[in-house]
Structures are given as structure tokens and as C-alpha cells.
Amino acid sequence: MNNALTAAAAGFGSGLSLIVAIGAQNAFVLRQGVRRDAVLAVVGICALSDALLIALGVGGVGAVVVAWPGAVRAVGIVGGAFLLCYGVLAGRRVLRPGTGLRTDGEAAGSRRRAVLTCLAMTWLNPHVYLDTVFLLGSLAADRGPLRWTFGLGAALASLCWFTALGFGARLLGRVLARPRAWRVLDGLVAVTMLALGATLMAGS
């Protein structure tokens, strides 16, 4: 039992250390959380996607993927282009600030866009594969028969983090009630997306 708890705790800590770093997913979840727009769907997509990718890594899929570097390169190009486009849109919002709050008439379309963007942000980002499938998969392999317990801990860390980030972001609602504050947030998102997108395109 102690060994299982140790493996789960190690997985939780390893997963959290990789997920907390600022990135495309985190910036997007933060913005959706502050806007209170499709938060449950976005958090669910991120957490479930991470859990699936971690399971693939623990199952040894990472070693198989390495055999097809062309596929990884293609994902990098597509993902980089997507992040660049999203960064440009965020930069446009900086130049044309709004209140950041959606109206009821925008809810359905906004929710659909949020879900599609979140899926693309997750599955077209090679860094997600690097963190979950490769790095966590490799760390889990060192745990031998407890590798799945390690993976469970890592998946739990992802769930806790995205839940806290998505639903905790609403605490910033008053701070971001003014357009100027949204320009700062969108500026951060734009810089993050453009930098990550350029890095992916350059490395592909």
C-alpha cells in the first residue's frame, strides 16, 4: 500500500510540475474561466485528453510514435500554424478591447467555438504529447508494476489543476471587469501563443 501511495504521489507531483508551466492550454483555460464561458466543457476536455494521453504513454505508445518522426513533424507544423493564428486573434482583441463578457445570444456559438478551439489547442500541440506521452510515460516505466498507479496520480494532477484554473479564474472577474484589464490578459495570451507557435514552426 505504501509503495502504491508513493507511486501515485510521485505521479501527481510529476504531472503537476509539467502542467503548471504557462502554455497554450493554460492561457486558454484561464481566459475561458474568467469569461465563465463553457468552463466545464473546456476543463473536461483538457483533463480527459491528458488522462488518455498519459494512459497511452504508460502503455508504451511513446516508443512506437518515435518510429514515425514525420507524423510528429506534421503535428508541429499544423499546431504551430494554429497557435500563430490564435495569437493574432488575441492580439487583435488587444487593439479592439471589449468587456470580455459574452451576452446570452452569443452563448451557443461561443460554447461551440470554445470546444473546438480547446480540442485543437490540445491535440495539435506537440508539447502536450511531449509532456504526457513521452516524459510521463518514461517516468512511469521506471515504476515497473506500479506504472499505472503513477499514471493515475499524474491524471489526477491534471484534473485538479485544470479544475482549479478554470473555476478559480472567476475570482478575477472583478479585476477584469474593465476593458484595460482584458487588454493585459489578451496581450499575455497573444505573446504566449505567438511564441509557442513560432517555436513549433521553427522546430518542425
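Attention here is on the structure that accompanies the text. (Residues numbered from 1 in each chain as written. Predicted model: local features only at pLDDT ≥ 70, side-chain atom pairs only at ≥ 80, totals over all residues. Heavy atoms only, no water.)

## Some points on the state of the cysteines
Scanning the model with the defined rule gives zero disulfides in all. Looking at the unpaired Cys46, the closest cysteine sulfur is the one in Cys118, lying at 3.5 Å. According to the relative accessible area criterion, Cys46 is buried, its value standing at 0%. (Disulfide = S-S within 2.5 Å. Buried < 20%, exposed > 50% of the residue type's maximum accessible area, 1.4 Å probe, protein only.)

## Overview of unusual backbone geometry
At Arg36, a residue that is not glycine, the phi angle is positive and equals roughly 55 degrees. Along the polypeptide, Arg36 turns up in the loop between α2 (24-35) and α3 (39-58). A positive phi angle, near 50 degrees, is found at Ala38, a position not held by glycine. Locating Ala38 in the fold gives a position in the loop between α2 and α3. (Helix = DSSP H or I, 4+ residues; strand = E, 2+ residues; numbered from the N terminus.)

## What to know about the environment of Arg183
Relative to the helices and strands, Arg183 resides in helix α9 (residues 179-203). Judged by relative accessible area, which is 38%, Arg183 ranks as partly exposed. The spacing of Arg183 and Arg92 is 91 residues in sequence and 9.7 Å in space, taken between C-alpha atoms.

## Re the packing of α2 against α3
Look at α2 against α3: their axes get within 9 Å of each other, and the N-to-C directions meet at 155 degrees. It follows from the interaxial angle that α2 and α3 lie roughly antiparallel. Of the two elements, α2 crosses α3, and the hand of that crossing is left-handed. Across the interface between the two elements, Gln25, Phe28, Val29, Gln32 and Gly33 of α2 pack against Val39, Val42, Cys46 and Asp50 of α3. Its residues assigned to classes, the contact of α2 with α3 shows five nonpolar, three polar and one charged. (Axes fitted to C-alpha atoms, helices over the stretch in contact; angles between N-to-C directions. Parallel < 35°, antiparallel > 145°, perpendicular 65-115°, else oblique. Left-handed = near helix turned anticlockwise from the far one by under 90°. Contact = heavy atoms within 4.5 Å. Nonpolar A, V, L, I, M, F, W, Y, C, P; charged D, E, K, R; others polar.)

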